[in-house]
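Chain by chain, the residues:
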Amino acid sequence: MKNPLVGIRGRVTFTVLAVTAVLYSLLGTIGFASVASSGRDAIRERIGVVLDELAGAVRAGTGTVSLSKPDGVEAIVVPADSTVPPAAAGRLQVTRSLTVNGAKLTLVGTASQAPLTDSLRSLFRGLWIAIPLAAIVSALMAGLATRRALRPVGAITALADTIGDNMQGERVPVPATDDEIERLARTVNEMLDRIEAGRAAQRQFTSDAAHELRTPLAVISTQAHVLQ
């Protein structure tokens, strides 16, 4: 019995599996990078809002030199000639220059990336599960669709194996698909029609020849008996 994995169905299935795995991996990578970039942009925008609030307080002369928000965003004021402290590990930093009464200041805002990192980690694990699963499902669906499309070909093959002298009008079912399979089924049926027509003509010729030869053979037989 022929292994279905080495036929057309198997080749289509493995091809779809490979192509979809590469395509879904590429799309997943692009989507992951886009989500990460959007998340960092959102954090920077939030830091910018807090820096605007701190700048407004500094211009108003309230004496505010730092702000700390419940969501983890912090902002401080440092002189422009001072060294801006580096951001701690896992935090995103935004700086902004400000001039108040001729004095140049630098506003420094930072925010933790921990929530974003946790979300990206969960997304990464989800992609590791979803991408192979989606590729396998796509390949299985392609295999089932190919099997269904090639079902008439199996019927043609089975009928061809049974062609013999006792064939009595068997024909291949013609699917209403308007494609190559339908044309193949019609062509095979037309070929079977020609084969049966040829056999019928052969049988008719044999019958006619036997009838035509019956009388001369009878005469020859009679004469042979007379001569004996």
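Residues numbered from 1 in each chain as written. Predicted model: local features only at pLDDT ≥ 70, side-chain atom pairs only at ≥ 80, totals over all residues. Heavy atoms only, no water.

A. Just the environment of W128, in detail. Turning to its location among the elements, W128 is positioned in helix α2 (residues 114-149). Look at W128 and you get exposed, because its relative accessible area is 60%. Remark: the alpha-carbon pair of W128 and G28, spanning 100 residues in sequence, is separated by 9.2 Å. (Helix = DSSP H or I, 4+ residues; strand = E, 2+ residues; numbered from the N terminus. Buried < 20%, exposed > 50% of the residue type's maximum accessible area, 1.4 Å probe, protein only.)

B. Broad picture of the packing of aromatic side chains. Applying the stated rule across the entire model yields two aromatic pairs. With a centroid separation of 6.0 Å and 65° between ring planes, the pair formed by F32 and F124 is classed as edge-to-face. Of this pair, F32 sits in helix α1 (residues 8-59) while F124 sits in helix α2, placing them 92 residues apart in sequence. When its relative accessible area of 43% is taken as the criterion, F124 is described as partly exposed. Judged by centre distance (6.1 Å) and plane angle (75°), the rings of F124 and W128 are edge-to-face. Taken together, the positions of F124 and W128, both in helix α2 and four residues apart, correspond to about one turn of that helix. These aromatic residues form a ring-pair network of at least three members: F32, F124 and W128. (Phe/Tyr/Trp six-rings, centres within 6.5 Å; stacked < 30°, edge-to-face > 60°.)

C. Seen up close, α2. Here α2 spans 51 Å end to end across 36 residues, near enough to the 52 Å set by a 1.5 Å rise per residue. Within α2, the full set of buried residues consists of L116, L120, I131, A135, S138, A139, A142, G143 and T146. In the core, the buried residues of α2 are packed alongside α1. (Expected span 1.5 Å × (residues − 1). Contact = heavy atoms within 4.5 Å.)

D. Spatial organisation of α1. In a regular helix each residue adds 1.5 Å, so 52 residues correspond to 76 Å; α1 covers 75 Å between its end C-alpha atoms and thus fits that length. G61 lies just past α1 and shows a positive phi near 70°.

E. Looking closely at the nonpolar core. Grouped together as the largest cluster of nonpolar side chains are 21 residues, with contacts concentrated most on I47, L54, V58 and L107. Elements with a minimum of two residues in this core: α1, β2 (74-79), β3 (91-100), β4 (103-112) and α2. The dominant element in this core, judged by the number of residues it contributes, is α1, at eight residues. Not counting residues up to four positions away in its chain, the partners in contact with L54 are T64, V65, S66, L67, A75, I76, V77 and L107. One finds I156, V172, V188 and L192 within the second-largest nonpolar core, a separate group that totals six residues. (Core = buried A, V, L, I, M, F, W, Y, C linked by side-chain atoms within 4.5 Å.)

F. Fine view of the pattern of salt bridges. In total, this model carries five salt bridges according to the counting rule given. Among the salt bridges present, the one from D52 reaches R96, with a minimum N-O distance of 2.2 Å. Taken together, the residues D52 in helix α1 and R96 in strand β3 connect sequence positions 44 residues apart. Judged by relative accessible area, which is 30%, R96 ranks as partly exposed. Among the salt bridges present, the one from K69 reaches E53, with a minimum N-O distance of 3.0 Å. You can see K69 sitting in the loop between β1 (66-68) and β2 and its partner E53 sitting in helix α1, a full 16 residues away along the chain. For E53, a relative accessible area of 39% puts it in the partly exposed group. (Salt bridge = Lys/Arg side-chain N within 4 Å of Asp/Glu carboxyl O.)

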